[in-house]
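Results of the structural survey
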Amino acid sequence: MKIAARALAMKAEGIDLIDFSVGEPDIPAPENIKLAAIESINKDIIKYTANVGLPSLRKAIAEKLKNENGLEYSPEQIIVSNGGKQAIFNVIMALIEEGDEVIIPAPFYVSYPEMVRIAGGSPVILNAKETNDFKVTPEELSAAITPKTKALLLCSPSNPTGCCYTKEELSALGKVIENEDIYVISDEIYEKLLFEDFPFASIASVSEKMKLKTIVVNGVSKAYSMTGWRLGYAAGPANVIEGAARIQSHNTSNASTVSQYAALEALTGPQDFPRMLRDTYRKRRDLIVEKLKGIPGITCSKPTGAFYVFPNVSSYFGKEYQGTFIRNSYGLAHYLLSEAKVAVVPGEAFGNDNYIRISYSTAEENIIEGIKRIAEALEKLQTPEKVKIFQLSNTKTATKRQVELESSITREQRDALAAEAEAYLKNKNYFVWNAHINGVVVQLRTNIPHLYDFWVENWYPAQLGRNEKPGGIIYAIDGVVGREALAFYNSETKTGLLFNTDFYGSLRSLAFGLVTDFGENGGDFHGIRGMSAVCRGKGFVMIGPRGTRKTDIFYGLLNDLSFTLHSSDMIYVKYNKKYPAAVNPERKIYIPTNVSAVVPKLTEMFDLSKCENVVDKSTECETRKCRETNDCRMDKGIPYCFKASADSYAMLDPYWIGGMHRHVKTMDIRTVFILQSEGNSPVVSTLNAEEAIAILERGFPADTLASQPVPFYNNHLLFNTQERIGLQKEYYTKLFSKTNCYAINIAQAEVEELREKIIECLK
Ligand code: PLP
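The following refers to the structure shown. (Residues numbered from 1 in each chain as written. Predicted model: local features only at pLDDT ≥ 70, side-chain atom pairs only at ≥ 80, totals over all residues. Heavy atoms only, no water.)

**A few points about the overall build of the chain**
- For the chain, the helix and strand inventory stands at 24 helices and 34 strands.
- At 30 Å, the chain has a C-alpha radius of gyration in line with the 27 Å of a compact globule built from 763 residues.
- Principal-axis analysis of the C-alpha atoms gives the chain an extent of 90 × 60 × 55 Å.
- Per-residue burial over the chain gives 56% buried out of 763 residues.
- For the chain, long-range pairs separated by at least 24 residues make up 75% of all intrachain contacts whose partners lie at least 6 apart in sequence.
- Taken as two groups, the 87 positive and 92 negative side-chain charges of the chain have centres that lie 1 Å from each other. (Helix = DSSP H or I, 4+ residues; strand = E, 2+ residues; numbered from the N terminus. Rg over C-alpha atoms; globule rule 2.2 N^0.38 Å. Buried < 20%, exposed > 50% of the residue type's maximum accessible area, 1.4 Å probe, protein only. Contact = heavy atoms within 4.5 Å. Lys, Arg positive; Asp, Glu negative; His and termini not counted. Charge placed at Lys NZ, Arg CZ, Asp CG, Glu CD.)

Below is the structure:
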């Protein structure tokens, strides 16, 4: 959508753009269809129709399915909807309940996983291999089915790959499905655009059993160039169609009546148009595949249908041109748009980041020109010289650890300190920025450019009207005469003050503490320090002190495609729904760079322009391990090392970890894991609420970096008075009354096994 919006804006500016991003035929719908629509208007027969569609149209659809696909349906088994998309959506809403899994072969049509999520289900992405023309095999399908699987969402011919299953391949998939209690939603919208000699087959037609398990979805959008008319349909078991009809009836009611008359003409009138369309696209397909073959580094399987090709462009990742560094398919699409003036869609949107989708629904001369431009732009991309990568913007701060906090200053003391702070905010070094932290507007007032820089990077911006006051305020002031590096906090006014420290960790922690204080005292939410992710639609939090290999375990889990990252440090939780609802308020991950020792792949994703205290001289290395073995990278000439200190940090954009489908901001918590090192107790034990709270309240004595145990493992808490600890217990009691809780004993197993145990608990 972002690429499309930019492409549109460029076209509007008069830029000569070749648009390979379109998802619709470029040839207008035939006259007879338009006339049928006009006639329905002139005859004034365009009132509401039956919710499920005009009887004549449903009859025409039944005949089409019988004559062309060998599938007999009564009209009650057919519903007409506003586009194929709504037909799929209604069927999903009718079939899928919370907790159901829907298998979606990837690459997939972008809307499938989101539709499943809206229905409360969990999309289970099944990666199809390029070597098998992006088609899943019966073995792969069989391995993905679990007792929770409710449906398979099949798209053939496929958007975005253009691949199409043969009848034999569908029969083989059918054999797997026939023995299972699952449905198939078969998206056949590109049926008429099939180029090869083999005839189109619907999976519903491979056996009587499969017909009873399949909901066929089709429409007139692609075959008759009627995308904007919004007319599609579904056919299948009467009970499913009845469910879809109920949903539609309370949503849009019938599809547009004018469009229904037009579709009736499309299905019953002359059928030359789809054939002409198919022949035109076949020629273009041959042309584009031939042209793509001429570009070095691109592989592209020959699509058998639709109007898309899906070339693998990953050999260009890691290259750059004039400072533009290509990291992924989105970056490449962006580069092609600005450098070649060609719009393509990043494969990431379809669940595979190594590819781009090129739509050849455009004239042959555009195809020739567009591919030429792509080839020229790709040729410019070069492997960056090493020295480029090392451009590190790294702020060394005067203090490197959390400063001491005095958290119960009086209102009078606060006012005096704030006045003192304000005196240091002069024109030249006066930075103010309102952050949106879980709904609380926290204003930073500072004279430290580095803190301002990291603050703006880290949070979402907040709007504050002229007469509105922020929910909290933090002063961060450097150069205050006669003061130590120290922090103060006043709860009544929600004011934090940091003096003479420029370490972002202190500012960030104070902000978390302030918002936690706000939430726990009337804001109706509380803060949990932990790492959180969603696995198959269900959220979990891992709580544990330093030294429990939390980072290693957690980031390792994210390699599994069924995990979606939520937060790696701090979440805010509300209890007004069935499950605790957790929000990650941060835009970026502020991450200790020495995690690269346990999760090397993260290193290349650090934002090198947002680093703090990264060691850049071998003499400053705190570990010295590599020096002992003569293996210090800095001694070898590399100007920095991420592993050399426990006090260095970088900003990490969660997007880079796995793209937009692998990162969420909100989730429900179903499971809590408490990591500890507990001698001989089993690797996994179930905890009840009291046991879990007792562990958390005690803190973790072995947390070597804390001078004393940190209750609730939450070093962002500003108070540890009895009253405040009581408040924490109340919130955690709510948490554990609505979730499963397990203690994981890290002393009993290696990281790999710990991950497996965690995955088992989540099943
Ligand atoms: N299914 C697939 C695979 C598609 O590519 C599209 C449109 O791009 C649709 C469904 C939606 O079709 P309609 O325009 O009929 O809603």
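**Observations concerning the sheet that holds strand β29 (residues 589–592)**
- As summarised here, the arrangement of the four strands in space is β15-β30-β31-β29, forming an open sheet in which the pairing is mixed. Strands with a single pairing partner mark the edges of an open sheet, and in this sheet they are β15 (394–395) and β29.
- In this structure, strand β30 (residues 606–612) lies alongside strand β31 (residues 649–652), joined through four bridges in antiparallel fashion. Counterpart to Phe-606 in the pairing with β31 is Leu-652.
- On top of the sheet, helix α17 (residues 504–523) reaches β29, β30 and β31; it is set at about 130° to β29, its chief contact. (Pairing = 2+ DSSP bridges. Axes fitted to C-alpha atoms, helices over the stretch in contact; angles between N-to-C directions.)

**Details of the packing of helix α2 (residues 31–42) against helix α10 (residues 257–268)**
- Viewed as axis vectors pointing N to C, α2 and α10 meet at an angle of 140°, and their least axial separation amounts to 8 Å. Between α2 and α10, the interaxial angle falls into the category oblique. The chirality of how α2 crosses α10 is right-handed. Between α2, through Asn-32, Ile-33, Ala-36, Ala-37, Ser-40 and Ile-41, and α10, the contact on the second element is made entirely by Val-258, Tyr-261, Ala-262, Glu-265 and Ala-266.
- Within the contact of α2 with α10, the residues separate by chemical class into eight nonpolar, two polar and one charged. (Parallel < 35°, antiparallel > 145°, perpendicular 65-115°, else oblique. Left-handed = near helix turned anticlockwise from the far one by under 90°. Nonpolar A, V, L, I, M, F, W, Y, C, P; charged D, E, K, R; others polar.)

**Focus: the site of the ligand**
- Near the ligand lie 13 residues; those nearest to it are Gly-84, Asp-187, Tyr-190, Ser-221 and Lys-222.
- In the model, an oxygen atom of the ligand is placed 2.7 Å from a nitrogen or oxygen of the Ser-221 side chain.
- At 2.7 Å, a side-chain N or O of Arg-230 approaches an oxygen atom of the ligand.
- Here the shell around the ligand takes three residues from helix α4 (residues 83–95), the largest share from any one element.
- Among the residues forming the shell around the ligand, the class breakdown is five nonpolar, four polar and four charged. (Near = heavy atom within 4 Å. Polar contact = N/O pair within 3.5 Å; in protein donor to acceptor, adjacent residues only side chain to side chain.)

**Brief notes about the pairing of strand β34 (residues 740–745)**
- Among the six residues that make up β34, five are buried, leaving the element largely enclosed by the rest of the structure.
- Across three bridges, strand β33 (residues 684–686) lies against β34 in antiparallel orientation. Directly across from Ser-685, in β34, lies its bridge partner Ala-743.

**Observations concerning the environment of Ile-474**
- Structurally, Ile-474 can be placed in strand β20 (residues 472–477).
- Taking the C-alpha atoms as reference, Ile-474 lies 8.2 Å from Leu-510; in sequence the two are 36 residues apart.
- In this structure, Ile-474 is in contact with Val-442, Gln-443, Leu-444, Arg-445, Trp-455, Gly-496, Leu-507, Leu-510, Ala-511 and Leu-514, ignoring residues within four places of it in sequence.

**Digging into the nonpolar core**
- Leu-332, Leu-336, Ile-358 and Ile-374 are the most contacted members of the largest nonpolar core, which totals 46 residues.
- Elements represented by at least two residues in this core include exactly α1 (2–12), α11 (272–293), β9 (308–309), α12 (329–340), β12 (342–343), β14 (356–359) and α13 (364–380).
- Examining the composition of this core, we find that seven residues originate from one element, α11, more than from any other.
- When near neighbours in sequence (up to four residues on either side) are disregarded, Ile-358 contacts Phe-20, Ile-288, Leu-292, Phe-307, Tyr-308, Val-309, Pro-311, Val-344, Ile-371 and Ile-374.
- Of all hydrophobic cores here, the second largest spans 39 residues; its members include Val-595, Tyr-640, Leu-754 and Leu-762. (Core = buried A, V, L, I, M, F, W, Y, C linked by side-chain atoms within 4.5 Å.)

**Comments concerning the packing of aromatic side chains**
- Inspection of the entire model under this criterion finds 32 aromatic pairs.
- Ring plane angle 80° and centroid distance 5.7 Å describe the contact between Tyr-190 and Tyr-308, whose orientation is recorded as edge-to-face. On the criterion of sequence distance, the pair formed by Tyr-190 in the loop between β6 (183–187) and α8 (208–213) and Tyr-308 in strand β9 is long-range, its members being 118 residues apart.
- Here a set of aromatic residues connected by ring pairs shows up, and it is made of Tyr-190, Tyr-281, Phe-307, Tyr-308 and Tyr-360. (Phe/Tyr/Trp six-rings, centres within 6.5 Å; stacked < 30°, edge-to-face > 60°.)

**Focus on the side chain of Thr-149**
- Mapped onto the fold, Thr-149 is located in strand β5 (residues 149–155).
- Here Thr-149 falls in the buried class, since its relative accessible area comes to 5%.
- A distance of 2.8 Å separates the side chain of Thr-149 from the backbone nitrogen of Thr-146, its partner in a polar contact.
- Other than its neighbours up to four places away in sequence, Thr-149 contacts Glu-101, Ile-103, Ala-144, Asp-181 and Ile-182.

Note that every value here comes from positions in space, so none of it alone points to a role or purpose.
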